[in-house]
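# Architecture at a glance
One-letter residues, chain by chain:
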Amino acid sequence: MSDFATRTDAALMEGPAFVRTKPLAPLPPPLAESGAVGWLRKNLFSSTLNVALTIVCALLIIWIVPPLVKFLIIDAVWDGSSRVDCLPRPDHPEIGACWAFVIDRINFFTYGFYPIDERWRVNVFFALLAVGVVWMAWLDAPRRDLGVIYFFVLMPAASFILLLGWPLIGLSKVETTSWGGVLVTVVVASVGIVFSLPIGIMLALGRRSRMPAVRLFSVIFIEFVRGVPLITVLFMASVMLPLFVPETWSPDKLLRALIGVSLFAAAYMAEVVRAGLQAIPKGQYEAAFAVGLSYWKTMRFVILPQALKITIPNIVNTTIGLFKDTTLVFIVGIFDFLMTVEASRVDPNWATPVTAPSGFVFAAIFYLIFCYGMSRYARFVEVHLAAGDRH
Amino acid sequence: MAAVEITRPKTPLIYNPKARGIAYQAVLCAVIVFLTWSAIQNAADNLARAKIATGFGFWEGTAGFDISQTLIEYSTTSTYGRAFWVGLINTLVVAGLGVVFATILGFLIGIARLSKNWLVARMAGFYVEIIRNIPLLLQLLFWYNAVLKALPAIRESLVIPGGGFLNNRGLFLPQPVFEPSSRFALIALGLGIVAAIAYRLWAKRRQMLTGQQAPVLWVTIGLVIGLPLAVLALSGFPISFNYPEAGRFNIRGGMEVLPEFMALLFGLVIYTAAFIAEVVRAGILAVAKGQTEAAYSVGLRPGQTLRLVVIPQAMRVIIPPLTSQYLNLTKNSTLAVAIGYPDLVQIFAGTVLNQTGQAVEVIVITMAVYLTISLVTSALMNLYNRRMALVER
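Criteria and thresholds
Residues numbered from 1 in each chain as written. Chains lettered and ligands numbered in written order. Predicted model: local features only at pLDDT ≥ 70, side-chain atom pairs only at ≥ 80, totals over all residues. Helix = DSSP H or I, 4+ residues; strand = E, 2+ residues; numbered from the N terminus. Rg over C-alpha atoms; globule rule 2.2 N^0.38 Å. Buried ≥ 20, exposed ≤ 12 C-beta atoms within 10 Å, placed from the backbone. Contact = placed C-beta atoms within 7 Å. Domains from an automatic or database assignment. Pairing = 2+ DSSP bridges. Nonpolar A, V, L, I, M, F, W, Y, C, P; charged D, E, K, R; others polar. Axes fitted to C-alpha atoms, helices over the stretch in contact; angles between N-to-C directions. pLDDT = per-residue confidence, 0-100. Parallel < 35°, antiparallel > 145°, perpendicular 65-115°, else oblique. Left-handed = near helix turned anticlockwise from the far one by under 90°. Bend = angle between axes of the 7 residues up to and from the residue. Core = buried A, V, L, I, M, F, W, Y, C linked by C-beta atoms within 7 Å.

What follows concerns the overall build of chain B. A count of helical and extended segments in chain B gives 12 helices and eight strands. Whereas a compact globule of 393 residues would reach a radius of gyration of roughly 21 Å, chain B reaches 29 Å, over 25% beyond that. Overall size of chain B, expressed as C-alpha extent along the three principal axes, is 105 × 75 × 45 Å. When the 393 residues of chain B are sorted by exposure, 28% land in the buried category.

The following block contains the structure:
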């Protein structure tokens, strides 16, 4: 017994052959998964291909960014009054962007040929528009129902009187031919949205209507307009519209462009709104009819509020497209912002090799700020609405 | 209990929904007919007063203007009809090339946006956000006026290796000249393509029956590229190049690519690629992650997973919006008018309209062309969608 015990004890002391008795040498610490080095390893150098891609991208950045910064900021000319300031001189051999040209022409870019004494009216218009846009865009703003009336009725009427003039109340008349620059860009974009949204809603309802004639008309209009380029629509508005109305009407050039742009945008709005209408469950319609609401009341109080809410991001995206498309009004001879830049570029007083790039870069920054801002807003609304649906 | 007889009071006609519907539609039709009729009346009056001819008789009239890029025979004595075809072909050329390059660039950037490499994804994101948010017209003017027109004059042309020149008058490239015996190579190319398709069908059927795979890719490359090259070599390379020669004021010979064409193509490709990248990204993200995991667990390699599992499913989501991007590119090619590339709108809705004054006919024809292109494309699209749609049970 004791013999057995001793043997077992000895065996236990020695342990079975597969049990390690000596501790193993510690492994090297794992590669850092967190911290700056870990991040670099994971996101930039995870494989041979990624190392190569990272190097190529880094070279691309080195190739593009420093010359760009040098051109736009370091070598740029900030003040000056004529082309001489933007030409290379012995003490300033490398000339970057000619911001002096942009600063000199900023009033022309903003107001076009609008009479200098009357430019406060344009500023008031910008302010009115800003109030309207904030009221509409701020989803929790007070009295948004009033905001809708302001944005779609009051503001357009006030702006019309303000910009065009009304001699009876002491505002002298300013012909649209002298409008230009940012003013025209903003007018075309805002008239486009103010008219295209209601027309687009009507077309979308028409396309889903049970009346065949209404449906047919809506489908033909929408598909026709979406199938042709905006330039041909503007051509049509500019050369065919005057033929179709009595000679005495002879619509003004800007008005023709506005009609073309509004109808064009309306067809795109209609499709966006239709998508929203289709997303509303059938039960909503049936419930509204069951409590005895008429067609228009159903739409006004039940369907459209829900459909338009989920459509806001797409409406904003369509507006971005509309804003970019305003540049096409040059085709009918209107001086929008881009055309004022284009026209100033060839001004002999500022003729230098860097004038054209400077003007275009300035215009690009202008459009980039507005369009990018709008697209961020669309994304914000999307997230905001998704959060609202969760609880 | 006697059955209560319900007599529904007869609704007055004005409250009858059917009658109302008919009345509304009648009013709408009347308004449209009236508007159309008065427009036609006004147009007839205005045209008669301006002494402008109507009808399509001008189609046969002599154009009398020159066009800077003609891919079919055209001279100042050609007809307006001929000018129309020149413009249409120029539009289709720029749109066709634009679609090809924009697709390649767009797919690259779309995939780059999803890359695990932070720098690559960020740069692709920057590209998309910047390019999408700047109007195409501005980009075209930039390429044309600030880049291509700022190139050196002819005397200081940039020399491109291989015998080309780049200057502010355009890009001059060696033009290949095909000698008669090169047609054998062309025939070989045709035969190679047919044979490759036949081989593919055979390989697929064999795989379905026996599970054995055939080296489809290598055989296809051999048939489509190798065979014509071999025939070319056998017939002693019957292709020569007509190299452009730089003179003092002009460049003779070779193939000339207009700066307007280059600017338009650059602008359209770069702009549309940003939108295609977003379409591609959305399509790839739409394929559920479980699909990739399932493919890995049955032992497919990453490349095979992408090619056989992810891409076929992503394409179903990608193709419809991709087509509408192609249509947008075609419609955007009308911006050629801003930089003077002779496309359909520039030639027809511009010059021809100004010369003949027949606004209605010219605009109607121009719109009909674009409308036809988009209707045909969307009809094909619907056909494709019907074939590709998931069959739900």
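The next thing to look at is the overall build of chain A. Each helix and strand counted, chain A has 14 helices and zero strands in total. Going from the N terminus to the C terminus, chain A shows its helices and strands as α-α-α-α-α-α-α-α-α-α-α-α-α-α. A compact globule built from 391 residues should have a C-alpha radius of gyration of about 21 Å, whereas chain A, at 33 Å, is more than 25% larger. Structurally, chain A occupies a C-alpha span of about 130 × 85 × 40 Å along its principal axes. Considering only residue pairs separated by 6 or more positions, chain A has 67% of its internal contacts joining residues 24 or more positions apart.

Time to look at the domain arrangement of chain B. Entries for chain B in the domain assignment read domain 1 (16-49) and domain 2 (80-174 + 243-385). The centre of domain 1 of chain B, based on its C-alpha atoms, is set 41 Å off from the matching centre of domain 2 of chain B.

One non-glycine residue, A:R143, adopts positive backbone phi at about 50 degrees. Turning to its location among the elements, A:R143 is positioned in the loop between α5 (119-137) and α6 (144-164).

To continue, consider the pairing of strand β2 (residues 164-167) of chain B. Residues and elements named next belong to chain B. Every second residue of β2 is oriented toward a common face, the buried set being F165 and N167 and the non-buried set G164 and L166. When strand β1 (residues 158-160) meets β2, the two strands line up antiparallel, connected through three bridges. In the sheet register, V159 faces β2, and the bridge partner there is F165. Taking the residues that link successive antiparallel strands as the turn, the β1-β2 hairpin has three residues, and the phi of G162 there is positive, at about 100 degrees. Here β2 runs beside strand β3 (residues 170-173); their pairing, made up of three bridges, is antiparallel.

All names here are of chain B. You can see V159 is positioned in strand β1. By C-beta crowding, V159 is classed as exposed, having 11 other C-beta atoms within 10 Å. The sequence separation of V159 and A246 amounts to 87 residues, and the corresponding C-alpha distance is 9.9 Å.

Contact with chain A, which involves 44 residues of that partner, is made by 46 residues of chain B. Broken down by secondary-structure element, the contributors of at least two residues to the side of chain A that touches chain B are α3 (48-74), α8 (212-227), α9 (230-244), α13 (337-345) and α14 (355-390) of chain A. Here the element with the most residues in the side of chain A that touches chain B is α14(A); it accounts for 10 residues. For the side of chain A that touches chain B, the residue count by class is 33 nonpolar, eight polar and three charged.

Let's shift gears to the sheet that holds strand β8 (residues 255-257) of chain B. Residue and element names in this part refer to chain B. As summarised here, the arrangement of the four strands in space is β1-β2-β3-β8, forming an open sheet in which the pairing is antiparallel. At either end of the open sheet lies a strand with only one pairing partner, and these are β1 and β8. For this sheet, the mean angle separating the axes of adjacent strands, direction not counted, is 20 degrees.

Right, let's talk about the environment of A:I231 for a bit. If you trace the backbone, A:I231 turns up in helix α9. With 99 residues separating them along the chain, A:I231 and A:F330 place their C-alpha atoms 9.7 Å apart. Once residues lying within four places of it in the same chain are set aside, the contact partners of A:I231 are A:L328, A:I331, B:T334, B:L335, B:V337 and B:V345.

When pLDDT is averaged along chain B, the result is 86; 97% of the residues meet or exceed 70. For this predicted complex, the interface confidence score (ipTM) comes to 0.85, while the overall pTM stands at 0.86.

The next subject is the packing of helix α8 (residues 289-297) of chain B against helix α9 (residues 302-332) of chain B. All names here are of chain B. For the pair α8 and α9, interaxial distance at closest approach is 10 Å and the crossing angle is 155 degrees. Compared by their axis directions, α8 and α9 come out roughly antiparallel. Seen from above, α8 lies across α9 with right-handed handedness. Of the residues in α9, those touching α8 at Q291, T292, A295 and Y296 are T305, V309, V310 and Q313. Class assignment of the residues belonging to the contact of α8 with α9 gives a composition of four nonpolar, four polar and no charged.

Mapped onto the secondary structure, B:V100 falls in helix α2 (residues 80-113). Between the C-alpha atoms of B:V100 and B:A26, which are 74 residues apart in sequence, the distance is 48 Å.

In this section: helix α4 (residues 136-148) of chain B. Residues and elements named next belong to chain B. At F142, α4 is bent by approximately 25 degrees, the largest bend along its length. Within α4, 10 of the 13 residues are buried, which leaves it mostly tucked inside the rest of the structure. Among the residues of α4, those classed as buried are L136, L137, L138, Q139, L140, L141, F142, W143, Y144 and L148.

Now for the nonpolar core. One finds A:L234, B:L140 and B:L264 to be the most contacted residues of the largest nonpolar core, which totals 148 residues. The element that contributes the greatest number of residues to this core is helix α7 (residues 259-285) of chain B, accounting for 15 residues. Apart from the residues within four sequence positions on either side, B:L140 is in contact with B:A263, B:L264, B:G267, B:L335, B:A338 and B:I339.

Our focus in this paragraph is the packing of helix α11 (residues 344-356) of chain B against helix α12 (residues 359-388) of chain B. Residues and elements named next belong to chain B. Running from amino to carboxyl end, α11 crosses α12 at an angle of 170 degrees, the nearest separation of the two axes being 9 Å. Considering the angle they form, α11 stands roughly antiparallel to α12. Where α11 abuts α12, its residues L344, V345, F348, A349, V352 and L353 lie against A359, V362, I363, T366 and V369. Residues of the contact of α11 with α12, tallied by class, amount to 10 nonpolar, one polar and no charged.

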